[in-house]
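Geometric and topological summary
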Amino acid sequence: MFIKEYITEIAKATKSLWTGMRLTGHYFIRLKTVITEQYPDNRDTLKMAERFRGEVTMPHDENNQHACTGCTACELACPNATIKVITKFELTPENKKKKALDTFVYHLDMCTLCGLCVDACPTGAIQMGQNFEHSVYDRSTLTKKLNKPGSKIREGVE
């Protein structure tokens, strides 16, 4: 009995191998039916899906203004402390203290790309980007400061 089961298993494995090799041979002979994306040669034309979640970004307008008020809602929503919002107090023209963003630190190496921070932001100051190439040799380059130097909060954002 043992020999019969052994030969049956070899026959099934050979049939499975032949099925896979036949499909491989089909694409090898018919080069015009290539179904593989040629990455990284297609970077210029590559468009990720709308729902794709890349790294967190903070868009700035042409005047170097952003919509972040420094409320730290994104920092509180982050499940693994990827975001650190450092705030400062500025004097308004009425001599009142107002909290403002000093530094927005984002640790991409700890981020799970869940998007909870984007959902929690009341002003829409941060969003998920389209970048997906995060391979680096130095891990410290994955810690990013999202607000640009000299940037200010956009007028009308509270």
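Our subject is the structure listed above.
Since this is a predicted model, take the numbers as computed values, not measurements.

**Focus on the layout of surface pockets**
Approximately 440 Å³ is the volume attributed to the largest pocket. Along the wall of the largest pocket there are 25 residues; nearest its centre are Glu 90, Lys 98, Ala 100, Lys 152 and Ile 153. If you list the elements that add at least two residues to the lining of the largest pocket, you get strand S3 (83–91), strand S4 (97–107) and strand S7 (152–153).

**Looking at unusual backbone geometry**
At Ala 81, a position not held by glycine, the phi torsion is positive, near 55°. Structurally, the position occupied by Ala 81 is in the loop between helix H2 (73–77) and S3.

**Considerations on the environment of Val 56**
You can see Val 56 is positioned in strand S1 (residues 56–57). Overall, Val 56 belongs to the buried group, its relative accessible area being 1%. Counting along the chain gives 20 residues from Val 56 to Leu 76, while the straight-line C-alpha distance between them is 15 Å. Ignoring sequence-local partners within four residues, the contact set of Val 56 consists of Tyr 106, Cys 117, Ile 126, Gln 127, Met 128 and Leu 146.

**Comments concerning the nonpolar core**
Counting residues in each nonpolar core, the largest one holds 19 residues, and the members touching the most others are Val 56, Met 58, Cys 74, Ile 83, Phe 104 and Ile 126. Of all the secondary-structure elements, those providing two or more residues to this core are S3 and S4. Setting aside anything within four residues of it in sequence, one finds Ile 83 in contact with Cys 74, Glu 75, Cys 78, Phe 104, Val 105, Tyr 106 and Cys 117.

**Comments concerning the pairing of S3**
As paired elements, S3 and S4 share nine bridges and run antiparallel to each other. The residue bridging Thr 87 from the neighbouring strand is Leu 101, located in S4. The turn joining S3 and S4, which pair antiparallel and follow one another in sequence, is formed by five residues; a positive phi near 60° is taken by Asn 95.

Reading guide: rules and limits
- Residues numbered from 1 in each chain as written.
- Predicted model: local features only at pLDDT ≥ 70, side-chain atom pairs only at ≥ 80, totals over all residues.
- Heavy atoms only, no water.
- 1 Å grid on protein atoms, 1.4 Å probe; cavity = no way out; pocket = protein on both sides within 12 Å on 5 of 7 lines; lining within 4 Å.
- Points joined across faces, edges and corners; volume = space filled by probe spheres on them.
- Helix = DSSP H or I, 4+ residues; strand = E, 2+ residues; numbered from the N terminus.
- Buried < 20%, exposed > 50% of the residue type's maximum accessible area, 1.4 Å probe, protein only.
- Contact = heavy atoms within 4.5 Å.
- Core = buried A, V, L, I, M, F, W, Y, C linked by side-chain atoms within 4.5 Å.
- Pairing = 2+ DSSP bridges.

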